[in-house]
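Coordinate inspection notes
These are the residues of each chain, in order.
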Amino acid sequence: MKEYLLLFLVVLCWPINADDMNTNKNDVTFWYDAFTRKDPNLLDQILSETWVDIPPAPSQPLGPAGAKQLLTELTNTFPDLKVTIQDVLQDGDKVVVRSELSGTQKAPFLGSPPKNRKLLIQAIDIHEFKDGKIVRTWHSEDWMTGLHQLGFFEK
């Protein structure tokens, strides 16, 4: 019984480096800053060369080039694009981020001409880290709400 109690106390008191636990949570902000700052070079700091986007956009190139293409297309269409992080949670090598995307459509988007309308949508991303870089991102954005806000379904 003493051995179990001693083992329990050792595990309970084992030093945990909070910095290690928060590194990925802090580093993930480079992804969101890149879009808000319209700076694709920030993506080079955070994405692995073999980064995988799930699901990719139609005709999106593989790897970081695909992320850079998306950043360019979105920031050209929505020049005031802003990504605001609402929540960040980390579990092991995965970081979950709930964010809001806002912007005003100033260029054609999905074949629709700009109507100078604003959108505000929610996004949920799960970023998987390895060796300090994002290797995989699963994401879901509320584009249906955004398309309504932009007037895509008006007659």
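Residues numbered from 1 in each chain as written. Predicted model: local features only at pLDDT ≥ 70, side-chain atom pairs only at ≥ 80, totals over all residues. Heavy atoms only, no water.

Considerations on the packing of aromatic side chains
Threshold: Planes of paired rings set the category: under 30 degrees apart is stacked, over 60 is edge-to-face and the rest tilted, where pairs are Phe, Tyr or Trp rings (Trp by its six-membered ring) whose centres lie within 6.5 Å. Counting from the N terminus, the helices are the DSSP runs of H or I reaching at least four residues and the strands are the DSSP runs of E reaching at least two. With a 1.4 Å probe rolled over the protein chains alone, any residue whose accessible area is under 20% of its type maximum counts as buried; one over 50% counts as exposed, and the rest are partly exposed.
Within this structure, the stated rule accounts for 5 aromatic pairs. Centre to centre, the rings of Phe109 and Trp143 are 5.6 Å apart; their planes meet at 40°, and the pair counts as tilted. In this pair, Phe109 sits in the loop between strand S3 (94–104) and strand S4 (118–130) while Trp143 sits in helix H6 (residues 143–149), placing the two residues 34 residues apart along the sequence. Classification of Phe109 as buried rests on a relative accessible area of 11%. Ring plane angle 80° and centroid distance 6.2 Å describe the contact between Phe109 and Phe152, whose orientation is recorded as edge-to-face. On the criterion of sequence distance, the pair formed by Phe109 in the loop between S3 and S4 and Phe152 in the segment after H6 is long-range, its members being 43 residues apart.

Overview of the nonpolar core
Our working definition: Each nonpolar core is a collection of buried residues, namely Ala, Val, Leu, Ile, Met, Phe, Trp, Tyr and Cys, held together in the definition by side-chain atoms within 4.5 Å. It only takes one pair of heavy atoms within 4.5 Å for two residues to be counted as in contact.
Judged by nonpolar contacts, the single largest core of 27 residues is most densely connected at Val28, Trp31, Phe35, Leu43, Leu47, Phe78 and Ile134. Secondary-structure elements contributing two or more residues to this core are helix H3 (29–37), helix H4 (41–46), strand S1 (47–54), helix H5 (64–77), S3 and S4. When sequence neighbours within four positions are dropped, the list of residues in contact with Phe35 reads Ala67, Leu70, Leu71, Leu74, Thr75, Leu81 and Val83.

Observations concerning the sheet that holds strand S5 (residues 133–141)
For the record, the criterion: By the convention used here, strands pair only if DSSP detects at least 2 bridges between them. Whenever a helix is involved, its axis is fitted only over the stretch in contact; in every case the axis is a line through C-alpha atoms, and angles between N-to-C directions fall within 0 to 180 degrees.
Here we have 5 strands laid out as an open sheet, ordered S1-S5-S4-S3-S2, and mixed in their pairing. Of all the strands in the sheet, the pair left with one neighbour each is S1 and strand S2 (82–91). Adjacent strand axes in the sheet meet at a mean angle of 20°, parallel and antiparallel pairs treated alike. One ladder, built from 9 bridges, connects S2 with S3; its direction is antiparallel. Bridge pairing in S3 links Asp87 to Arg98. Packed onto the sheet, H3 meets S1, S2, S3, S4 and S5 and runs at close to 170° relative to S2.

As for H3
For clarity, the cut-off: Summarising the geometry, the arc corresponds to the directions from the helix axis toward the C-beta atoms.
Turning to H3, its buried residues are Trp31, Tyr32, Ala34 and Phe35. All buried residues of H3 project into a common sector of 150° when viewed along the axis, lining one side. Looking one or two residues beyond H3, the residue adopting positive phi is Lys38, at roughly 55°.

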